[in-house]
Amino acid sequence: MSVIATSNKIREILSKGPELQLMTGEQYKESLRDGRRVIDAQGNEVKDVVTHPSTKRSVENLAKVYDMQFDPSTRDITTFVSSQDGKRYSTGWLIPRTKEDLKLRREMLRLSTFHTFGVFGRPNDYGALMSMGMLSIIDKMEAENPEYAENVRRFVDFCQKHNVMSSDLVPDVQTDKNLPPDQKQGTLRIVEERPDGVVLCGAKPCGSVGVQGHFATISTATSPNLKADAAIWCAVPINSPGLTLVLRESTISPDYEFEDHPIDSFGEELDNMMIFDHVFVPREYLFSVGNFNLLGLYRESGALAHWHILSRLMYRAEIFMGAAQSIVDVLGTSSFQGVRDSVAEVISYHAALKAHILASEEEAENWNGLLVPSTDFLTAGRLHSIVHYPRVMHILRDLSGQGLISRFTSKAWDHPEIGPLLESYLPGAGVTAKEKNRFFNFIWDLACSSHSTRVALFENTNSTNAPVVQAELYRSYKRKEPVDHIRDYLNLPSTNLEVKKLYKHDLK
Ligand SMILES: Cc1cc2nc3c(=O)[nH]c(=O)nc-3n(C[C@H](O)[C@H](O)[C@H](O)COP(=O)(O)OP(=O)(O)OC[C@H]3O[C@@H](n4cnc5c(N)ncnc54)[C@H](O)[C@@H]3O)c2cc1C
């Protein structure tokens with residue numbers, strides 16, 4: 001299928017549904033049957049991601065969020081009415097221009113986070129924020145090439161009008177850091193420039209939810225040292241000829257049932273490597289080519305995405321708080337002071353993330369007409385969220401005691417002799433043994449399962465890990481005023497607080 005066919009296919013599907021600019025879950029599923037090339041963990045070609053064992057449950061899960069756009073009880077959260085044409089569009093593609101816009105986007109995020117318990121780090125509304133990030137620095141793109149800047153605006157408009165889901169691809173494939181970028185075979189680069197577009201070879205890693213989306217938006221915002229042929233920002237339809245998505249191994253079994261795995265039975269967003277074998281990207285999807293000013297510009301271009309990442313974790317922290325309290329209630333351990341202290345630690349984690357988000361919105365800045373939450377608070381909040389996440393997981397496990405292993409599968413429970421014994425031996429406080437069993441299956445999925453480890457890895461690393469965020473905080477957090485005050489008070493010479501680069505690959 002050709003690249004243009006992606007938009008044609010989406011248009012055709014939308015034309016058969018209830019609204020021309022919003023997809024139902026069924027339409028979303030149909031839109032993924034577009035000829036994309038996917039290789040599964042067994043090395044087989046995936047014929048249909050909607051029915052394939054490793055992707056079908058997650059596709060189903062994301063489809064439910066599409067359906068929420070038509071449900072009267074969620075419609076005003078998942079969609080907004082455009083002041084320009086009076087039509088309803090997906091909130092995921094609402095360009096945040098006011099605090100109310102940010103708030104609506106957050107309500108949408110809370111809905112999807114509570115729907116998946118936040119284990120989809122890239123829910124339906126996430127991918128749009130990479131494109132919005134480009135809009136927020138559009139002056140820098142305009143300065144390079146007005147045509148490319150216009151492409152960004154057109155792309156956002158197209159995605160908004162067609163309810164598109166996109167994934168973002170920022171880092172380069174991992175290899176020996178000592179090699180110069182142009183000697184790394186895998187670095188995505190332009191191998192041919194044509195009047196109507198460019199041809200790409202190489203790869204991009206870590207495309208979470210790529211296989212379940214329509215487009216990948218690509219940037220080189222964390223790669224300050226690339227050569228001009230690899231400095232590419234663009235959008236690539238997932239079904240582009242020459243593009244292959246290689247899935248990582250699944251962390252969950254396709255046979256899981258709700259009773260045994262209340263979270264994991266709904267699937268996982270898969271991560272994949274995207275391999276480009278002479279993939280043609282038409283000019284209309286090019287956002288920047290060979291612009292060194294954009295390389296390493298992660299804090300600015302990623303600010304809105306970082307706000308989403310931290311907000312989602314804030315809502316997850318709300319869930320962790322509910323989980324911690326429920327463990328204590330189910331086990332009847334709330335009279336121990338040590339137990340209360342542990343729950344209080346989880347509460348404080350939630351409150352800290354909430355404070356960072358609210359402060360970031362309160363001090364949001366207007367960047368090219370978009371309201372961008374303060375990167376000072378986002379960076380500080382991201383650091384806090386990453387550093388304390390493992391501690392929160394530990395507390396959930398610690399509070400649970402043997403509950404995490406004295407839990408048995410439905411099949412064991414169905415055993416005529418064993419089931420009744422389990423029922424009589426293992427009741428909790430105010431819950432039957434079977435209910436307690438289901439509850440600890442939930443905690444297992446949240447804090448112990450293989451899938452939860454992948455999610456922990458995601459939270460730690462998906463938008464650069466703690467040392468990089470720390471370096472960024474040191475570089476960018478405003479603190480000149482108190483420094484000046486102290487120097488003034490003590491009559492010391494003033495300073496301009498210039499932060500020198502430590503490494504050649506420091507971000508901007
Ligand atoms: C589960 C998961 C999902 C992801 N999903 C996405 C996605 O959807 N989209 C996307 O764009 N990216 C995604 N990422 C990728 C993420 O952006 C990168 O992993 C991250 O930016 C780190 O880059 P790297 O993996 O290339 O680490 P490397 O550069 O290979 O570094 C390896 C380690 O070296 C250390 N290190 C490296 N540089 C520095 C430094 N400057 N200072 C101090 N220590 C350093 C750190 O410990 C780092 O983890 C995902 C990652 C994971 C794990």
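Residues numbered from 1 in each chain as written. Predicted model: local features only at pLDDT ≥ 70, side-chain atom pairs only at ≥ 80, totals over all residues. Heavy atoms only, no water.

Naming follows an unreviewed UniProt entry, where the protein appears as 4-hydroxyphenylacetate 3-monooxygenase of Peribacillus cavernae.

(A) View of the overall build of the protein. Tallying secondary structure elements over the protein gives 18 helices and 13 strands in all. For the protein, whose C-alpha radius of gyration is 24 Å, the value lies close to the compact-globule estimate of 23 Å for 508 residues. For the protein, buried positions account for 56% of its 508 residues. Sequence separation of at least 24 residues holds for 76% of the intrachain contacts in the protein that already meet a minimum separation of 6. If you average the places of the 56 positive and of the 65 negative side-chain charges in the protein, the two averages end up 2 Å apart. (Helix = DSSP H or I, 4+ residues; strand = E, 2+ residues; numbered from the N terminus. Rg over C-alpha atoms; globule rule 2.2 N^0.38 Å. Buried < 20%, exposed > 50% of the residue type's maximum accessible area, 1.4 Å probe, protein only. Contact = heavy atoms within 4.5 Å. Lys, Arg positive; Asp, Glu negative; His and termini not counted. Charge placed at Lys NZ, Arg CZ, Asp CG, Glu CD.)

(B) Main features of helix H6 (residues 128-136). Most of H6 is tucked away, with nine of its nine residues classed as buried. By the burial criterion, the buried members of H6 are Ala128, Leu129, Met130, Ser131, Met132, Gly133, Met134, Leu135 and Ser136.

(C) Region of the structure containing the domain arrangement of the protein. For the protein, the assigned domains read domain 1 (3-67 + 138-296) and domain 2 (299-476). Spacing between the C-alpha centres of domain 1 and domain 2 amounts to 28 Å. Every contact between the two is made by 20 residues of domain 1 and, on the other side, 19 residues of domain 2. Between domain 1 and domain 2, a total of about 1,600 Å² is buried, with carbon and sulfur atoms accounting for 48% of that surface. The largest share of the area that domain 1 buries against domain 2 comes from Glu259, Asp260 and Ile263, three residues that together contribute 36% of it. Counting across the interface, domain 1 meets domain 2 through three salt bridges. For Asp271, the salt bridge identified is with Arg454, shortest N-O distance 2.6 Å. On inspection of domain 1 and its partner domain 2, the count reaches twelve residue pairs in polar contact (both at pLDDT 80 or more). A class-by-class count of the residues in the side of domain 1 that touches domain 2 yields seven nonpolar, five polar and eight charged. (Domains from an automatic or database assignment. Buried area = accessible area lost by both parts, 1.4 Å probe. Salt bridge = Lys/Arg side-chain N within 4 Å of Asp/Glu carboxyl O. Polar contact = N/O pair within 3.5 Å; in protein donor to acceptor, adjacent residues only side chain to side chain. Nonpolar A, V, L, I, M, F, W, Y, C, P; charged D, E, K, R; others polar.)

(D) Geometry of the pairing of strand S8 (residues 232-237). Buried residues dominate S8, accounting for six of its six residues. Here S8 shows a buried face lined by Ile232, Cys234 and Val236 and a second buried face lined by Trp233, Ala235 and Pro237. Two strands pair when backbone bridges link them, and S8 and strand S11 (residues 286-289) are joined in this way by three bridges, in the antiparallel orientation. When the sheet's bridge partners are listed, Trp233 is paired in S11 with Ser288. (Pairing = 2+ DSSP bridges.)

(E) Region of the structure containing the packing of aromatic side chains. Tallied over the full model, the rule gives eleven aromatic pairs. With 5.5 Å between their ring centres and 75 degrees between their planes, Phe215 and Tyr285 make a pair best called edge-to-face. Here Phe215 is found in strand S7 (residues 215-218), whereas its partner Tyr285 is found in the loop between strand S10 (272-282) and S11, with 70 residues between them in sequence. Summarising the burial analysis for this pair, Phe215 and Tyr285 share the class buried. One aromatic cluster is present, formed by Phe155, Phe158, Phe215, Tyr285 and Phe287 through successive ring pairs. Above the ring of Phe280, the side-chain terminus of Arg194 is found at 4.2 Å from the ring centroid. (Phe/Tyr/Trp six-rings, centres within 6.5 Å; stacked < 30°, edge-to-face > 60°. Lys NZ or Arg CZ within 6 Å of the ring centre and 35° of its normal.)

(F) Quick peek at the site of the ligand. In the neighbourhood of the ligand, 19 residues make up the surrounding shell, with Val170, Gln174, Lys177, Ser208 and Asn465 lying closest. One of the backbone nitrogen or oxygen atoms of Cys206 is found 3.1 Å away from an oxygen atom of the ligand. Contact with the protein chains hides 72% of the accessible area of the ligand, taken as 960 Å² for the molecule alone. Of all the elements in the fold, those that place two or more residues in the shell around the ligand are strand S4 (166-169), helix H16 (450-461) and helix H17 (466-476). In terms of residue count, the dominant contributor to the shell around the ligand is H16 (four residues). Its residues assigned to classes, the shell around the ligand shows eight nonpolar, six polar and five charged. Residues from two domains meet in the shell around the ligand; each of domain 1 (3-67 + 138-296) and domain 2 (299-476) gives at least three. (Near = heavy atom within 4 Å. Areas by Shrake-Rupley, 256 points an atom, 1.4 Å probe, with all protein chains shown as cover.)

(G) Layout of the pattern of salt bridges. Counted by the stated rule, this structure contains 33 salt bridges. With its nearest N and O atoms 3.0 Å apart, the salt bridge here joins Lys480 to Asp484. Placement of the pair is Lys480 and Asp484 together in helix H18 (residues 480-489), with a separation of four residues, close to one helical turn. On the basis of relative accessibility, which here comes to 26%, the residue Asp484 falls in the partly exposed class. Each of Arg248, Glu268, Glu269, Asp271 and Arg454 takes part in a single network of salt bridges with overlapping partners.

(H) Structural context of the sheet that holds S8. As summarised here, the arrangement of the four strands in space is S4-S7-S8-S11, forming an open sheet in which the pairing is mixed. This sheet does not close on itself; its edge strands, each paired only once, are S4 and S11. Mean inter-strand twist for the sheet, computed between neighbouring axes without regard to direction, equals 20 degrees. Of the strands in this sheet, S4, S7, S8 and S11 touch H6, which is tilted by about 40 degrees from S7. Of the strands in this sheet, S7, S8 and S11 touch helix H8 (residues 146-162), which is tilted by about 150 degrees from S11. (Axes fitted to C-alpha atoms, helices over the stretch in contact; angles between N-to-C directions.)

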